[in-house]
Structures are given as C-alpha cells and as structure tokens.
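Reading the structure
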Amino acid sequence: MCAVKAVPDFSSPTRPHPTKVPVKPAPRRTPLAFIAHLDAARRAARLPYEPWLGDASRRGLPVQLPDWVAAAHGVAPASDGGSSGAEALGLDTSRWQLTGFRGLLAVRDRVEGEPGVYLGEDGLRFLDGVLAARPGGRVIEIGSGSGIVAAALARTRARVDCVDIDPLCVTATEVTARLNGVADRVHARRADLLTLAPAVPYDTVVANLPGVPVPDGLRYSAAGDGGPDGLRLIRHLLAVALPWLRPAAEAGPSPRLLMRFQSLGTAAGPLLLAELRDFAARGRLDIEVCADSRVRVAVRNGLTAHYAGPLNPGRSQAELLKTCDDHAAALGMDYYYSATLAAHPGEGTVRFTDTSAPDRLASRHRPGPLPVGQAGDRVTRGYLGKLGDLPDGFWEAGTPEAVELPLTRMSEFAAALADHADGLAAVGEVFADHLAEHPAGGRAVYTTANLLAGALTDAGVLA
C-alpha cells in the first residue's frame, strides 16, 4: 500500500507521471472465481497474505475469466475477438497488475523495481483490521495507495474521502474503486499530510504511513521514508489527529483512529509506544496495539539497503548495510515491528499485545537430549510447519534459497547455537557464504534460521 510521503519524486525515467484515468462504468459483477482462486493459491502456498500471483499460480487461473482479468495476468482470454473488457474499463494491462482479496479487486503498477503503488502482506493485514473494527460514519483514509481499503469501506457507506501525496496512488485508488463498482463513493485527491487540514471532522481516521528508518545522507524512496527514526509522519499525525475526529460527546458513531504502522523497537515493544501513551492521555483515548510481525533490525536493514541501492549509485551494498547497521546501533534498537492500532474514546490507556513469532536467536541454547540424526525428521516437519510464521514482507527480499538452506545445515547450525551465546553470531558463522554472496537480501536467512532454532528446540535437539 503506497503510503503518504512528504516529497513526490517523478525524476526516474522508469516511473512516468500518471495521467488521470476517466471514470467509466464499473462491471456489474466482480469475478469472484478469480478472487477465490487467489485465496486458494495463497493458502496452498502457506502465504495467506501474499496477493500477487506467481507463474505457477497464474497457470491455474479459471478458464472462464473475463477478458480484462485474463489480460491483466498475461493468460489467454476466455473469448476471442472484439474489444476487451479491460479496454472498456480503461484498465491499461501493460500499466497495472491486478489482484483480488476479501471479495475485492485492486491494482498496483508494473514499474520495474520497487512498485510506486505497493500492496503486500502488511497492507492486507491492515485491511482485515479495518474490516474487523467496523468503522462508522464519515471516514477519511490517509495514504490510500492501491485503494483496496477505501473500496472495502465504500461497500457499506455513501462516501469515503482519500488522500495520498503520490498522484500515481490517487490514480490507482480511482481504478480500484471503479473495478469494485464504488467509483461514485470513493473521492480521492492528492494531498500532503504535513499541510492537510480537513474542513469537517470525521468519525474515523484511517492511516497507513511509511515507517522505514532512513539514516541522514541516504537517499530512499519517499513511499517508505519515515525519517531518521522512522516516525516522522506517524508522529505528525498523532499531533494533528485529535481535531480531525468528531467529539465523542456528539451523537453518532464512536470516533476512532485506525492505523497500521511500522516502528523500531526493543524486546519490550515498539519505540512508538511511549508517544502513544502521551497521545492517549491527551485525547482520553483507549488504544489497543497488536504487533503481528517482529524481525531483527538487521533483516530490516538488509531490505532497506536493497531498496536504497538504485537510488545511491556508487555506494556498494556492503557500504549501505554498514550505514543502516550503524544507524540502528546508535538508536539502540534491536527489532522492527509491524502493528495495527485502534483508538477510541476511553480512559487514556494503552494496551500492547505481541503475537509475532518468538525470537529464539535471543536465547542461550545448550544441547538437548536427542541428537540431530535421531530427531531430524521431526525437526524438518516442525520447521516446515513454522513457515506460516514468516513475517510481513519476507518475500520482498527473501528467496526460496533462504527457506531451503537452513534444513541443509541443520547439524552445523544446532552445534553453533550450542557454542555461541549470541544466536546472531551462530547465523553469521553457519551461513557466512550465503550472506557474503547476497549482502542485502541474504539477511532474510536470519528469519528462517530463527524458525529452525524453534524447530530444533521443539524436537529436543536443543534446550
């Protein structure tokens, strides 16, 4: 989901400035067979929140899809001749990639490299959180991105206001609204959060803002840049959000703030928690924060260096990684959290719940009662069963090799964990060749190695 950012940048020749797509009639029926296929493919791949089809899944698309759905994924259409439904809807299939989730269709752009309109696991988890909250009354979404959240909300209300700093995201929101038959209810416009001043109060403010910590001097995509500590725009929203919400004393739905955020943190929780407690006290709000993903900051730094590479010519991946690592160390942060926040009128309390997979690399291990040879099959089954715990964004840089490699070095890794007080050092030793060959993306192996450490412990190889 494309987040609101401070300064748009269309200087890249691979990202043309978008033109406004004229609104055309929406299809009478959403291709539910297509969306059902995507949901089934995700479950089969143990990636329930990965929205985009790979080659294998694409070959299994239902044959009776409308022409415009088939064209959007490069498969043969169900009919021959005549203008395609894609053309009738103004859906440029060379420009947009199509997906479906929770009975909705959504688009992202096909630009090479980092998408200008991003929609991934994190955004889909946020959609689930918004739907579960059942927001009522007037709604504004900050950072509409692909438009999937706005389209979902528009199914049950007459109007949803949306803003995004990126014109490409505004266009995507309009396309997604049209594909779902709610174009007349979704009102999207370009606006900068830092200068945004809504004319009327809202019952619900929905936001999904960038939270990548970017060191000073490092060029980074504005779609993810959250400033030096990652909280620049999130902090600004907390400073201005209260006047945007309708007073709780007035008649109507209970005003609320729903936000998806990423934040650096420690084992105790996200860095943002301290500021949320102040926000809750000022607004007399009860806030529930649920973290469903937590990765080592070293893994986040690998992803940051991966995306920063094209924007920082002349700087090697090793140099970019060191810059990010030194920056995180100076901040004293060990983890990078992804979480959903729900705030509503109350007593000013903040409750934090962490449902992410435990960090086994933070524990000291000793040999268990069973050798690897005797427990190998049990370890393998346990490891494969834990792959559903891969955190949001793993596949942005992670590869199948990062998933398969730990099982091939099970014995060496078990021995290293028993020898080292620091599990990160054990990963660095056992997978040194992989990390050297893939300096940035290779750090995804820290995540899968953590799952293997859990499987080794569960099987009795380690204690």
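Residues numbered from 1 in each chain as written. Predicted model: local features only at pLDDT ≥ 70, side-chain atom pairs only at ≥ 80, totals over all residues. Heavy atoms only, no water.

Quick word on the overall build of the chain
- Scanning the chain from terminus to terminus reveals 18 helices and 11 strands.
- Every one of the 463 residues in the chain was classed for burial, and the buried ones make up 54%.
- Of all intrachain contacts in the chain linking residues separated by at least 6 positions in sequence, the fraction that spans at least 24 positions is 75%.
- Summed over all atoms, the accessible surface of the chain reaches about 19,200 Å², with 53% contributed by carbon and sulfur. (Helix = DSSP H or I, 4+ residues; strand = E, 2+ residues; numbered from the N terminus. Buried < 20%, exposed > 50% of the residue type's maximum accessible area, 1.4 Å probe, protein only. Contact = heavy atoms within 4.5 Å. Areas by Shrake-Rupley, 256 points an atom, 1.4 Å probe, with all protein chains shown as cover.)

Let's talk about the packing of aromatic side chains
- Using the criterion set out here, one finds 3 aromatic pairs in the structure.
- Plain terms: the ring middles of Tyr-337 and Phe-352 are 6.2 Å apart, the flat faces sit at 75 degrees to each other, and that makes the pair edge-to-face. Separated by 15 residues along the polypeptide, Tyr-337 in strand 10 (residues 335-345) and Phe-352 in strand 11 (residues 350-354) bring together distant segments of the chain.
- Judged by its relative accessible area of 25%, Phe-352 falls in the partly exposed class. (Phe/Tyr/Trp six-rings, centres within 6.5 Å; stacked < 30°, edge-to-face > 60°.)

A short note on the confidence of the model for the chain
- Mean pLDDT for the chain: 82, with 81% of residues reaching 70 or above.
- Element-level pLDDT for the chain is lowest in helix 2 (residues 55-58), with a mean of 55, against a maximum mean of 95 in strand 11.
- Across residues 1-29 the pLDDT falls below 50, and counting only partners more than four positions away or on other chains, this stretch makes 90 contacts in the model. (pLDDT = per-residue confidence, 0-100.)

Here we look at the nonpolar core
- Formed by 54 residues in total, the largest nonpolar core has its most connected members in Val-379, Phe-413, Leu-417, Val-427, Phe-431, Leu-456 and Val-461.
- Secondary-structure elements contributing two or more residues to this core are helix 10 (297-308), helix 11 (317-331), helix 12 (372-386), helix 13 (394-397), helix 14 (400-408), helix 15 (410-419), helix 16 (423-430) and helix 18 (445-458).
- The leading source of residues in this core is helix 18, at 8 residues.
- Among residues more than four places away in sequence, those in contact with Val-427 are Leu-361, Phe-413, Ala-432, Leu-435, Val-445, Tyr-446 and Ala-449.
- Ala-191, Leu-209, Leu-276 and Ala-280 belong to the second-largest nonpolar core, a separate cluster that totals 35 residues. (Core = buried A, V, L, I, M, F, W, Y, C linked by side-chain atoms within 4.5 Å.)

Remarks on the pattern of salt bridges
- Within this structure, the stated rule accounts for 20 salt bridges.
- A salt bridge links Arg-282 to Asp-278, with the shortest nitrogen-to-oxygen separation between them at 3.2 Å. Of this pair, Arg-282 and Asp-278 both sit in helix 9 (residues 273-283), 4 residues apart, which is roughly one turn of the helix.
- We classify Asp-278 as partly exposed; its relative accessible area is 43%. (Salt bridge = Lys/Arg side-chain N within 4 Å of Asp/Glu carboxyl O.)

Brief notes about helix 14
- Taken together, the buried positions of helix 14 are occupied by Ala-402, Val-403, Leu-405 and Pro-406. The buried side chains of helix 14 occupy one side of the element, clustering within an arc of 165 degrees when seen end-on. Exposed positions of helix 14 whose direction lies more than 90 degrees from the buried face are Glu-404 and Thr-408.
- Here the buried face of helix 14 lies against helix 12, helix 13, helix 15, helix 17 (432-437) and helix 18. (Arc of directions from axis to C-beta.)

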